[in-house]
Each structure stands twice: as C-alpha cells, then as structure tokens.
Amino acid sequence: MSNNVLNTKELPFCKGCGHHLIAQNTAKAIEELGLNILDVIFVTDIGCHGIIDKSLNTHTVHGLHGRSVALGAGISMGLPPEKKVIVFIGDGGATIGLQHILEAARLNVNLTVVVHNNFLYGMTGGQLSGLTPKGFNTIITPNGSPYGEHDICELVYTAGANYVSRVLGIGDYSETIKNALKTPGFSLIEVMEICPSYGVKFNPKRKLQEIVEAANKPIKTWTNHRDPFVFPERKIVSNLFDKTPVIEHLNKEKILTSQIQVVLSGSAGEGVQLAANILCKAAVKHGYNITQKGTYPVTVGVGFSNAEVNISPDEILFHGLSNPEYVIVTSQDGLDFSKNTIKQMNEHQWILIDKSLPLPETKAQILSYDFRGKGAKNAVISSLFFFAKLSGIIETDTLKAILSEMGMLEKLPLTAIENELVLVTV
Amino acid sequence: MNIHEKKEVILDDSRVIIEALAQAGADVYIGYPITPSNAMYLYASQRFPLMLPAPDEISTLQYMSGLAIVGHIPVTATSFPGFALMVESINMAYMMELPMIIILTQRLGPATGTATAGAQGDVALLKGMISGGHPVPVICPSSIEDCWHLSAKAVEIAVKLRTPVVILSSKERATTNRNFDISKLPPIKPLERKYYSKNEPYKPYEYNETLVPDFLPVSNTSHQVRITASTHDQNGIIQHTSEEAMKNTIRLEKKIFKYLNEYTYYEHIQNNSKQLIVSYGVSANAAQEAVKILQKNGRNTDLLIVKTLIPVSEDLYSIIEKYEKVVFAEDNINGQYAKILFGEKLPTHVSFVGSIGKMLSPKNIIEGGKL
Ligand code: SF4
C-alpha cells in the first residue's frame, strides 16, 4: 500500500479554504516522520473539516459534533504509544467539546488535536463560536461579536498539555505538526484561518494576521513535561464473590414458620444499614432467607435512615415494606419516618423504641429501652440484642459471634446491654 | 443435584451483574458516579482489568466507544440523568456498530427526581432512544440467576450483533441485599472474539446474510478501517441518501430482530388460569408474591415475567392473546411496557396497575388489577 496519507489532490473544501493546507501539512508531517499510515488513526469532528475522511489512506473515525477529542482519547487509551491518534476539530467543535479537550490534556492522553479555528461554524452558515474573536462579524452578529473568546492554547497548556502551538494557517507549518506528533502525551495545534465563504464575506476588509493580532493571540509554542497517560496499575480481585464472606448455618431449629419483616428506623450516620446487615447475617446463620432494603434521603449523614429486613423460612419474593412485625426506632428521625407505618400496626406486632423518644400512637406493643445510652453509633446494633431476646428468631450469641468476627464487639458496652437485657421478658 | 459445596453469601444484584460481565469478557469499565449505580462502579473498580473515571456521561460513552473501536468490550452503569446525556453517543455507537454494555439503574424521575427511590420509569425512553426508531436490545433481570446468566448473554449479543446492549435494573433490585448460594452460579466462559481474517481488502460495513459486518480494530496494520456515525456505504464513506447507504441503515434495524430468538427471555408461570399478570424487573417479584397469595385463596393466576423487554418478541403476543384478562404490573404511573405492546389505548381486557414513590406491592397488584 502506498504510504501517502492523502489518496487525492482534490480535497472536499471550498476554493481557498485553509483546511486544504491543514490536511496537506498534516499529511506531510506524517510522511516525513516515516510513520506507517495504518499506525495512524484520524478522528474527525463534525464540520467542513470532517469531510476529509474519504481523502485519507489512514484509519478514519468520524463521530459526533464536539466529541471527537473524547472519542479519540478512548481510542488512544487502548493503543500503544507508537500509534498516532490525530483529532481534527473546528472552533465550533472545540467550543461544544471544550471539557473533553481539557480532560484529555489533564490526563495527558497520547493525542494530537488540530483545531481548525476559522472563527465560525462554516458548515451551518457562519455562526459565531466560543473561539470567535470579539468584534469579528458573523451571520448572527453582523456588527461584530460582542463577546470575548477563549484562548484554547492557554487553556490546554494550563490543563497540562505537553505541546501546544498556535500557527497562522498559511504556508508550510508541517514542522509544528511534526513536533506535536513526536511529543508523548497530549498536544494541540490551533491553526488560525479565515473561511473564504463566510469569514471573508462578513469581514471583507480584514486580514487574518490583523484579526489574530487584534485578538491578542500570539503565535507561539507552550510546553509541559508531564508523563503521558497509561492505565494505572491497580490491585484487582479475580472474583467479586471472594469479597462476600460465606455464611455457615448453625443448624438451629427455626421458630419462624412464615415470612416476617423487621424495620430499623434511625438516623443517617448511625449505622442503620450496617446493623441491618448484621441482623441479616445472623438470620442466615439461623437458616433463614433474608432481604435487606435501604431507604434514605439523598443526603449523606443527615436525616433518616431506614432498613427493611425480611426474614423467612421460605423463598422471599416481594421484599418491599409490607406490614412489619417489628419496628425498631432508635432516633427522632427514624420515628418521624416510620410514624405512618407504626400507626397501622396491630396488637400482635412490636415496637422497640429508644426511651428518650415519645411513645407513638399505635395498637402495637411498645417496649422502650435505652439504646442511645450505649452511644449514638451503638444504638442500632444494641437494639438487635433486644430484638433477639424478644423474638427468639436469632440468638444474642449469634450476634456476638458476628460482631466479634467484624472486630466490632469490643466497641460495644456489652455489660450495659446485658444488664438491661434481663428486663426483656417474653 | 448440586455437587458443589453450598456457599451462602449476602449480596446484591450489582455485584452479580458486574462479576458476570467481567467473566463473560467485558474488560473495561468507564465510571461516573450516580445513585443508585454507585455500587456497580465500586465493584467494577475492584474487578475490571481496566477502569477509568470519566468526567461526565458523554465522555463516558465516548471513551467506551473509542475503546470498543480498538477491540475492548466496555461497560458503564448509570441512571436516568446520566443516561439522558449518553443518548446521542449511544446513537453513535449504534451507527458505528460497537459492542458495549450500559447498565441503567432506574430511580424516581422526572429529572433528578429522587435519586434514592426506585421506579421503572425509563422503559418508554429506551424504546424510542434511537433516531429512526431502531431497537437497542434491553435485558431486564428479575432474579440473581437472571443477573448472572442474562448479563453474560448481554455481552455475547453485544459482540455478536455489534451493538450497545442495555441491562435494565432499578434501585430496589440493584441495591437490595439478599442471601444466595453462589455455588448455583456456574463459571462463565469468556467470549472469544473473531475478527476479519481474510486477505481480500476489508470493507468495514460489508455484510452477508448474517447482517453483521466483520469487525477489525483500528490497531491492525493490514487493512484500513473506517468507522463512522454518519450515514455511510459499505466502505464507511459518508453518503447523503444513496441506495447502498439506506440499505445499510435499514440493516442496522434488521440485524437486531434477526437474532431476537437467541436472546428472547421470559418466564411463563402457568396455573391453568384465564387471567395473566405481565411484569418485569423488581415488580415481577411483587407479581410472583401476588400469584402465591392468590393461589392460597384459591384464585389461580398465571404470570409472564418479561426479561427481554426490547425488541418485543412475538412470543409475548402469542402468550398474552390466550388470556381473557391481562394485568400489567409496573413501577410507574403510565404502564409504559403495556403501551409499548398495545399502544396508548389498551384493549378492554388489558389493564395496568402501577405505583409511584413506593414499590408496587402484591396487594396493589391484586386489588388494583381486580384479580
Ligand atoms: S465553508 Fe468555509 S470552512 Fe467550510 S470549506 Fe468552505 S471555506 Fe472552508
């Protein structure tokens, strides 16, 4: 196969458009570097420049408007550094995809981005972009853009790009492109152009160099020396199930004959979900099936935290809140959350509530203990001991064994709990 | 009989889905945090050979597409707000014919809604998310076994059909813990990928009766590869509306239907009844319980749990048409899947029961469905 990057001299751009020169200079840079053309992947954005694909002998990828740098970054991340991924993008694409460019620069992905900055969207009729210099006329702003413009070079340089250069899109600037391609990590070249079809039409008296100077956009090169992107070394597991401890059954007699629900209602940050998990482990050790569903607000560490635990000798199908046999309330947040559930409970059902809280309106039997007296963080776990004693579904020894395995038993005021536990008579 | 040693653990669907995908051969996870998919991100970070945090969900899909172009099988997990940002890029991946898995964990909308409340409100969006109406396969597990087997299948069809595949979950399945004997989950054989290996020039979108073009990554140096999201011919060259290009665009839809039988999953529980509940995902669990309760009361009801939601298999109609009364049970307020099957106006013998802000319960189904 020929090693020419371009397969034609007839490029698909308007006469006099600077995009010709960008394609030719990039082709020259690749050829002079002696790269195998199938080691080169062109990723093009949407816009006039993006029609170049069919004229290229390299691999070509043509994606969405503004996303080409992120797409090119994905391609590059999966390839060894000797492969060259080149992104062609316009000033419009650079505007909509600015974050992708900054991110690729921050990660220092092996990528060369060529921004075709002709100060407007050519393909759609000459509208202004985020890179249109203040005062430049467009179809939308015929008296000059009233807005300021980004300095894309300064932005990517600050974000950490290893090689950044702004050139006037006139003559031979293939050396600059070569430098970019030779630099490991992220490089960006901003080529300043004027679109003959719209730019010249709306700004007939202006010359490219004057526009660039007036916009205070120096023609220069910026460099950083940061390590290019590689996927970092990580410690991974070979099977996620290795992280879930196997629970051995205790071969105890099961006293439950049908499914029950236990609700733990407390405050976020006080270990409600953890306590529910411990309760579940204990129930599984006693041979039951369990489900554990959490309900909590989007905030972390404030507000209520509710856990709905089902325990059943049979398969559990529906695991949502039904008509709980036990509701354990350890804080005011929990009480507020479960008020309606509690109101609907009947005389065969139980409420275990911290003694600091007002007794709720309900037909259920209420027992109140000093859960919070064991420390806010211990309140819910302590309550499990009372549940165990009261219900007989799990044993307090089972809870102790689980807590001990988790290294949590020592932190619990066990004597205080056991002293109070004797008050629970069934 | 199970010859394996019983291994009972407590886990959630998130863990099972991520492990199954990894075993099946998915090898890179791109993450962006969003409730209720955060556990999947965490698990994937512990398990996937390659993992990268993306700065947003558009980048997520773009990184995934780029990595798919070099031969990886990427995965991400999100919920509606992130998914909405991904839609254009999913269209891109669909047009480029790139395999990938997007796990969508539903939560209560509209918009940001309630991140920590469950829902099944994104089904209608999934049905119509491709410009042109082409279907993207949507697989919806409703048990741990489903999470295991169907996630592996999702990888297989993503690669075989060269398409993004959505695994649809919801907060109440993805984050609910349950005990399960994992010795019941057989190891999954990783997928072996076949690339174009002929010497003749490679045409990236050339196809035969399989309707799926051979894949070649851009890392190869034997053949030029052209990948594009714009309307294109078999060479991957942009076209306006040429005949060849239109055929290609039509093929994109046909290929998804051609293999539907291979990935149509449902469970039809028959109790000799004339009435049927149709459900999926977490609501199917409530429906299972409803069937059990009804049975105890001497009112037999049949149940159809749909697991391949999109495209809709003809099988579903063949089953549903046998019943005098059909009740769709979904965790939304508009019967989104019922409408996908029957249109805006449901036939008189078909009804819908739903819920909002609370899991649809067996009681809701029995009472609301007048079963
Ligand atoms: S419209 Fe402008 S940018 Fe587009 S090809 Fe023509 S001259 Fe170039």
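Residues numbered from 1 in each chain as written. Chains lettered and ligands numbered in written order. Predicted model: local features only at pLDDT ≥ 70, side-chain atom pairs only at ≥ 80, totals over all residues. Heavy atoms only, no water.

Asker: Just to check I follow, could you spell out the overall build of chain A for this structure?
Answerer: A count of helices and strands for chain A gives 13 helices and 15 strands. Relative to its length of 426 residues, chain A is extended, with a C-alpha radius of gyration of 34 Å against a globular reference of 22 Å. Taken over the C-alpha atoms alone, chain A extends approximately 95 × 50 × 35 Å along its principal axes. Counting across all 426 residues of chain A, residues that qualify as buried make up 58%. (Helix = DSSP H or I, 4+ residues; strand = E, 2+ residues; numbered from the N terminus. Rg over C-alpha atoms; globule rule 2.2 N^0.38 Å. Buried < 20%, exposed > 50% of the residue type's maximum accessible area, 1.4 Å probe, protein only.)

Asker: What's the story with the sheet that holds strand β9 (residues 226-228) of chain B in this structure? I'm lost.
Answerer: Either a parallel or an antiparallel arrangement is found when strands of a sheet pair, and the pairing is made through backbone hydrogen bonds. The eight strands lie next to each other as β9(A)-β7(A)-β8(A)-β4(A)-β3(A)-β1(A)-β2(A)-β9(B), forming an open sheet whose pairing is mixed. Each edge of the open sheet carries a strand with a single partner, namely β9 (221-223) of chain A together with β9 of chain B. Sheet twist, expressed as the average angle between the axes of neighbouring strands with direction ignored, equals 15°. Pairing geometry for strand β2 (residues 59-62) of chain A and β9 of chain B, over three bridges, is parallel. In the sheet register, Val61 of chain A faces β9 of chain B, and the bridge partner there is Ile227 of chain B. Packed on one face of the sheet, helix α1 (residues 19-32) of chain A meets β1 (40-44), β3 (84-90), β4 (111-117) and β8 (186-192) of chain A and runs near 170° to β3 of chain A. (Pairing = 2+ DSSP bridges. Axes fitted to C-alpha atoms, helices over the stretch in contact; angles between N-to-C directions. Contact = heavy atoms within 4.5 Å.)

Asker: What is the right way to look at the interface of chain B and chain A in this model?
Answerer: Interface size is commonly expressed as the accessible area that is lost once the parts come together. Across the contact, 74 residues belong to chain B and 64 residues belong to chain A. Taken over both partners, the interface formed by chain B and chain A buries close to 5700 Å², and the fraction arising from carbon and sulfur atoms is 61%. The tally of links between chain B and chain A comes to one salt bridge. One salt bridge connects Lys293 of chain A with Glu172 of chain B, and the closest N-O pair in it is separated by 3.1 Å. Our count for the contact surface shared by chain B and chain A stands at 33 residue pairs in polar contact (both at pLDDT 80 or more). Tallying contributions element by element places helix α3 (residues 57-69) of chain B first for the side of chain B that touches chain A, with eight residues. (Buried area = accessible area lost by both parts, 1.4 Å probe. Salt bridge = Lys/Arg side-chain N within 4 Å of Asp/Glu carboxyl O. Polar contact = N/O pair within 3.5 Å; in protein donor to acceptor, adjacent residues only side chain to side chain.)

Asker: What exactly am I supposed to notice about the domain arrangement of chain A here?
Answerer: When the domains of chain A are assigned, the result is domain 1 (19-223) and domain 2 (241-421). Computed from C-alpha coordinates alone, the two centres of domain 1 of chain A and domain 2 of chain A are separated by 60 Å. (Domains from an automatic or database assignment.)

Asker: Can you walk me through the environment of Arg15 of chain B in this structure?
Answerer: Positionally, Arg15 of chain B belongs in helix α1 (residues 13-24). Arg15 of chain B gets classed as buried once you look at its relative accessible area, which sits at 11%. Considering only alpha carbons, one finds Arg15 of chain B and Tyr266 of chain B, 251 residues apart in sequence, at a separation of 22 Å. A polar contact is formed between the side chain of Arg15 of chain B and the backbone oxygen of Leu240 of chain A, at a distance of 2.9 Å.

Asker: Even after reading the chapter, I still don't get the packing of aromatic side chains, so can you show me in this structure?
Answerer: Two measures describe an aromatic ring pair: the distance that separates the ring centres and the angle between the ring planes. Under the defined criterion, the tally for this structure stands at 17 aromatic pairs over all chains. On the numbers, 6.1 Å between centres and 80° between planes, the contact of Phe328 of chain B with Phe342 of chain B is edge-to-face. With a gap of 14 residues between them, Phe328 of chain B in strand β14 (residues 325-330) and Phe342 of chain B in helix α11 (residues 336-342) connect regions that are remote in the sequence. A residue is classified by how much of its surface remains accessible, and Phe342 of chain B, at 24% relative accessible area, is partly exposed. Each residue in the set Tyr369, Phe371 and Phe386 of chain A is aromatic and connected to the rest through ring pairs, giving one cluster. Lying over the aromatic face of Tyr296 of chain A, Lys171 of chain B brings its terminal NZ or CZ to 5.6 Å of the ring centre. (Phe/Tyr/Trp six-rings, centres within 6.5 Å; stacked < 30°, edge-to-face > 60°. Lys NZ or Arg CZ within 6 Å of the ring centre and 35° of its normal.)

Asker: Mind showing me how you'd approach the packing of α1 of chain A against helix α6 (residues 174-182) of chain A here?
Answerer: Think of two packed helices as two axes; the pair is described by the angle between the axes and how far apart they sit. All names here are of chain A. Interhelical geometry of α1 versus α6 gives an angle of 55° and a closest axis separation of 8 Å. If you check the angle between α1 and α6, you find them oblique. Considering only the axes of α1 and α6, their crossing is right-handed. Along the contact surface, α1 presents Asn25, Thr26, Lys28, Ala29, Ile30 and Glu32, while α6 presents Ser174, Glu175, Ile177, Lys178 and Leu181. (Parallel < 35°, antiparallel > 145°, perpendicular 65-115°, else oblique. Left-handed = near helix turned anticlockwise from the far one by under 90°.)

Asker: Is there a simple way to think about the side chain of Arg251 of chain B in this case?
Answerer: All names here are of chain B. Take Arg251: it is sitting in helix α8 (residues 243-258). Among the polar contacts made by the side chain of Arg251, one reaches the side chain of Asn248 at a distance of 2.6 Å. In this structure Arg251 touches Glu97, Tyr205, Tyr207, Leu211, Val212 and Pro213, once residues within four positions along its chain are discounted.

Asker: Would you explain the site of the ligand in this entry?
Answerer: Taken together, the neighbourhood of the ligand is formed by Phe13, Cys14, Cys17, His19, Cys48, Asn118, Cys195, Pro196 and Ser197 of chain A. Tallied by class, residues from the shell around the ligand come to six nonpolar, three polar and no charged. (Near = heavy atom within 4 Å. Nonpolar A, V, L, I, M, F, W, Y, C, P; charged D, E, K, R; others polar.)

Asker: Sorry if this is basic, but what is going on with unusual backbone geometry here?
Answerer: In most cases, non-glycine residues show a negative phi, while peptide bonds are predominantly trans. Here the residue pair Thr35 of chain B and Pro36 of chain B is connected by a cis peptide bond, since its omega of 5° sits within 30 degrees of zero. The topology assignment puts Pro36 of chain B in the loop between β2 (28-31) and α2 (38-47). For the bond from Gly109 of chain B to Pro110 of chain B, the omega torsion is -5°, close enough to zero to count as cis. With a phi close to 60°, Asn216 of chain A is a non-glycine residue in the positive phi region. Along the chain, Asn216 of chain A falls in the loop between α8 (208-214) and β9. Look at Asn216 of chain A and you get exposed, because its relative accessible area is 62%. The phi dihedral of Ala111 of chain B falls on the positive side, at around 55°, and the residue is not glycine. Position of Ala111 of chain B relative to the elements: it lies in the loop between β5 (100-106) and α5 (123-127). Residue Ala111 of chain B is classed as exposed on the basis of its relative accessible area, which comes to 52%.

Asker: Before we go on, may I ask you to explain the pairing of β4 of chain A in this structure?
Answerer: Successive side chains on a regular strand alternate, one facing one side of the sheet and the next facing the other. All names here are of chain A. Of all seven residues in β4, seven are buried, a share of seventy percent or more. With burial as the criterion, each face of β4 is covered, one bearing Leu111, Val113, Val115 and Asn117 and the other bearing Thr112, Val114 and His116. Summarising the sheet, β3 and β4 pair through five bridges and their orientation is parallel. Looking at β4, one finds that Phe88 is bridged to Val114.

Asker: Can you help me understand the sheet that holds strand β12 (residues 302-306) of chain B in this one?
Answerer: Residues and elements named next belong to chain B. Read from one edge to the other, the open sheet built from five strands follows the order β10-β12-β11-β14-β15, with strand pairing classed as mixed. Each edge of the sheet is formed by a strand with only one pairing partner; in this case those strands are β10 (266-269) and β15 (350-354). On average, adjacent strands in this sheet sit at an angle of 20° to one another, irrespective of strand direction. Examined bridge by bridge, strand β11 (residues 275-279) and β12 share four bridges and lie parallel to one another. Among the inter-strand pairings, Val278 is bridged to a residue of β12, identified as Leu304.

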